[in-house]
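Here are the chains, one letter per residue:
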Amino acid sequence: MRGQWFIDGTWMPMEEDESDLIEREHLTSFRGQQMQDSFENDVVVKTVDTKDAIHSLKLSRSHVDWHSVDEVYLYSDATTSKIARTVTQKLGFSKASSSGTRLHRGYVEEASLEDKPPQTTHIVFVVHGIGQKMDKDRIIKNTGMLREAVRKMEEKHFADHTEEHVEFLPVEWRSKLALDGDTVDSITPDKVRGLRDLLNSSAMDIMYYTSPLYRDEITKGLTQELNRLYALFCSRNPEFEEKGGKVSIISHSLGCVIAYDIMTGWDPVRFCLLEQQEPDEEEMRWMSYEERHLLEQVHLTRQRLRELEDKLQGLEASKPLQLPALKFKVENYFCMGSPLAVFLALRGIRPGSTGYQDHIMPKSICKRLFNIFHPTDPVAYRLEPLVLKHYILSADYYNLGFYFKCLYYLYRCNTTSPTPYDEMKPTFLNPVKDPVSDTESLPSPSTSPVMNRRHYGESITNLGKASLLGAASIGKGIGGMLFSRFSRSSSQPSGVDSGVVETEEKSQSAYVEMEHRIDFELREGLVESRYWSAVTSHTAYWTSHDVALFLLTFIYKSQSSSQASEDSLDPE
């Protein structure tokens, strides 16, 4: 934490903007004068009872008085504080001793070189989602909680990384946006106003982003804030870029979609410029001569427009590539509690057949994409079924005679000697072929509910529901951690086609594996209520030590792999 002017007693730093004003005024009036070298508590401070202020500075909600170069006091300008000052001064107390807060230029303890942390080698921008309008500082608090969890995991698991330092920086983009101003508030009825204000300050952000009128303002606002923070960090740490510092992004909730669109340059306008549907013969029969003539003109105009667009695209293709919106390259992109998969599905993204994520996030834009979700988070969805269709548990794959186990869990922070994530492989689990009992037919913590999964061209509602249920149904409690088999519910047909059984081995060997896993599920607590968890899980990521350890595992891994590649290129 940076600070220049500190509050006596607590030694908390003043806000940066006010601190800069005080420092500028102090240097203007007292440059060259000597300040005392000690701030020890037992030093008797000279009284200011009989001294008048020799200089004063007005701030937004307070003012500062200088009685000497060493004696600087901060006073609140609130009405209650003014009344209290007047009363106490009439009782014979001085202004400073009655209501003033002494300020110190510099910290109570002298800094040493040992206090300096290692040079920052990796910065992580933390992007918030909806609801920031209700509490402008929430993302700062959430980042602080995440940073605290990360530091604990660093001390426990990465104590040997003394030459590396990861810094987490909050990105607050919502408060600077004007959007519709107060229009929505003005049309909001007064009944149940508290609930309406809550929705206006949270869920309304989703409507803003899906609106073609305000979407561009939101993406530009986040882009400018990311670039501003990066430029500010580099100006204070000029060696960061010189030494190849890396940048990652953590996004939460709707922020995952916005940051994704910024990185990939997705523009909905390109997909909205669709041609108007031509009238059919029945409609043409009832048109007047004038309507037909106008329709022909419209058709010719569209044809001319297409020709001009083709020429324009040819000219744009010959130009140099447009510079990316972000002024830095993203190493890792971590999504937490993300609805990104639903947005991509609605945009027509469908599973591929290669196991590569490039049709979702090209590696030229971001090397690794991660999707961290809590199984009961109602906002979170899985991404892997949009890369390879069989990376999901459903009745379709059960009927092939096996289950494809595809969910990976985040290791608990106290796990000893875990298998590295990238060395874990998906497995095929053979189901129980014997008839199931009544008790086995009921869904249990160790069974996967059977759902008649429709193909990806059908209802997106079923896609989202099945993705969430498929993610939330495995690994509930102790049974989920120790499960070794899957049983079918009574709703599933007991018979399996012989032709399908014969091709079981061929089907297993034919399935493609993903190059890198994307979805990672946060484990539930052993005594966690699912109904209560559905309310709290969307914000559970910030304080989770399991999430903190997962982030550091891949951040430090990218640092190590980069260093290894540099060493291999070193001619010596």
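Parameters at a glance
Residues numbered from 1 in each chain as written. Predicted model: local features only at pLDDT ≥ 70, side-chain atom pairs only at ≥ 80, totals over all residues. Heavy atoms only, no water. Helix = DSSP H or I, 4+ residues; strand = E, 2+ residues; numbered from the N terminus. Buried < 20%, exposed > 50% of the residue type's maximum accessible area, 1.4 Å probe, protein only. Areas by Shrake-Rupley, 256 points an atom, 1.4 Å probe, with all protein chains shown as cover. Contact = heavy atoms within 4.5 Å. Pairing = 2+ DSSP bridges. Axes fitted to C-alpha atoms, helices over the stretch in contact; angles between N-to-C directions. Expected span 1.5 Å × (residues − 1). Arc of directions from axis to C-beta. Salt bridge = Lys/Arg side-chain N within 4 Å of Asp/Glu carboxyl O. Phe/Tyr/Trp six-rings, centres within 6.5 Å; stacked < 30°, edge-to-face > 60°. Lys NZ or Arg CZ within 6 Å of the ring centre and 35° of its normal. Disulfide = S-S within 2.5 Å.

### Observations regarding the overall build of the protein chain
On a plain count of helices and strands, the protein chain comes out with 22 helices and 13 strands. Taken across its 572 residues, the protein chain has 41% of its residues classed as buried. Of the roughly 32,800 Å² of accessible surface on the protein chain, 55% is carried by carbon and sulfur atoms.

### Thoughts on the environment of Ile555
Positionally, Ile555 belongs in helix H22 (residues 545-569). For Ile555, a relative accessible area of 0% corresponds to the buried category. In the structure, Ile555 is positioned 433 residues away from His122 in sequence and 7.8 Å away in space, judged by C-alpha atoms. Filtering out sequence-adjacent residues up to four positions away, Ile555 remains in contact with His122, Val124, Val166, Phe168, Asn332 and Phe334.

### Observations concerning the sheet that holds strand E10 (residues 366-373)
By definition, the strands of a sheet pair up through backbone hydrogen bonds, in either a parallel or an antiparallel sense. The parallel open sheet is built from 6 strands, whose spatial order is E7-E6-E8-E9-E10-E13. Of all the strands in the sheet, just strand E7 (166-171) and strand E13 (519-521) have a single pairing partner and so form its edges. Neighbour to neighbour, the strand axes of the sheet diverge by 20° on average, direction disregarded. Here 6 bridges tie strand E9 (residues 330-336) to E10, and the two strands are oriented parallel to one another. Its bridge partner being in E10, Tyr333 is matched across the sheet by Leu369.

### What to know about the environment of Ser29
Locating Ser29 in the fold gives a position in helix H1 (residues 16-30). Through-space distance from the C-alpha of Ser29 to that of Val69 is 8.8 Å; in sequence the pair is 40 residues apart.

### Some details on H1
Spanning 15 residues, H1 covers 20 Å between terminal C-alpha atoms, matching the ideal 21 Å at 1.5 Å per step. Among the residues making up H1, those that are buried are Glu18, Ser19, Ile22, Glu23, His26 and Phe30. Seen end-on, H1 carries its buried residues on one side only, within an arc spanning 135°. Every exposed residue of H1 that faces more than 90 degrees away from the buried side is listed here: Asp17, Arg24 and Thr28. Against strand E1 (5-7), strand E2 (55-58), strand E3 (62-66) and strand E5 (101-105) lie the buried residues of H1. Immediately downstream of H1, the backbone of Gly32 shows phi near 95°, a positive value.

### Looking at the sheet that holds strand E4 (residues 72-76)
Ordered in space as E1-E5-E4-E3-E2, the 5 strands form an open sheet in which the pairing is antiparallel. Every other strand in the sheet has two partners, leaving E1 and E2 as the edge strands with one partner each. Strand-to-strand twist in this sheet, taken as the mean axis angle between neighbours without regard to direction, amounts to 30°. In the sheet, E4 pairs with E5 via 3 bridges, with the strands oriented antiparallel. The residue of E5 that forms the bridge with Val72 is Leu103.

### Re the pattern of salt bridges
In the structure shown here, the tally under the stated rule is 21 salt bridges. Residue Glu331 is joined to Lys246 by a salt bridge in which the shortest nitrogen-to-oxygen separation is 3.7 Å. Of this pair, Glu331 sits in strand E9 while Lys246 sits in strand E8 (residues 246-252), and the two are 85 residues apart along the sequence. The burial state of Glu331 is the same as that of Lys246; both residues are buried. Here Arg347 makes a salt bridge to Asp261, at a shortest N to O gap of 2.7 Å. Here the residue Arg347 occupies a position in the loop between helix H14 (340-346) and E10, and Asp261 occupies one in helix H10 (residues 254-264), the gap between them amounting to 86 residues.

### Let's talk about the packing of aromatic side chains
Here the structure, examined in full by the defined rule, presents 22 aromatic pairs. Pairing Phe370 with Phe554 gives two aromatic rings, centres 4.5 Å apart and planes at 50°, and the pair type is tilted. Taken together, the positions of Phe370 in strand E10 and Phe554 in helix H22 put the pair 184 residues apart, joining distant regions of the chain. In this structure an aromatic cluster arises from ring pairing among Phe334, Phe370, Tyr408, Tyr411, Tyr421, Phe520, Phe550 and Phe554. The side chain of Arg347 reaches across the aromatic face of Trp266, ending 3.6 Å from its centre.

### Things to note about unusual backbone geometry
A negative phi holds for most residues other than glycine; trans holds for most peptide bonds. Positive phi values are uncommon outside glycine, yet Trp11 reaches one of about 55°. Take Trp11: it is sitting in the loop between E1 and H1. The exposure class assigned to Trp11 is buried, which follows from its relative accessible area of 10%. For Ser417, which is not glycine, the phi torsion reads 50° and is therefore positive. Note on placement: Ser417 falls in the loop between strand E11 (403-405) and strand E12 (427-429).

### Section: H10
With 10 of 11 residues buried, H10 lies mostly within the body of the structure. Along H10, the positions that sit buried rather than exposed are Leu254, Gly255, Cys256, Val257, Ile258, Ala259, Tyr260, Asp261, Ile262 and Met263. On its buried face, H10 is in contact with strand E6 (122-127), helix H7 (204-210), helix H8 (215-236), E8, E9 and H14. Positive phi appears at Gly265, one or two residues downstream of H10, with a value of about 70°.

### Examining the state of the cysteines
Two cysteines, two sulfur atoms, one covalent bond between them: this is a disulfide. Inspection of every chain in the model, using the stated rule, returns 0 disulfides. No disulfide involves Cys256; its sulfur sits 4.0 Å from that of Cys335, the nearest cysteine. Here Cys366 stays free of any disulfide, with the sulfur of Cys335 as its closest cysteine sulfur at 9.0 Å. With a relative accessible area of 0%, Cys366 lands in the buried category.

### A look at the environment of Leu198
Structurally, Leu198 is set in helix H6 (residues 193-201). Linking Leu198 and Gly131, residues 67 residues apart in sequence, is a C-alpha distance of 8.3 Å.

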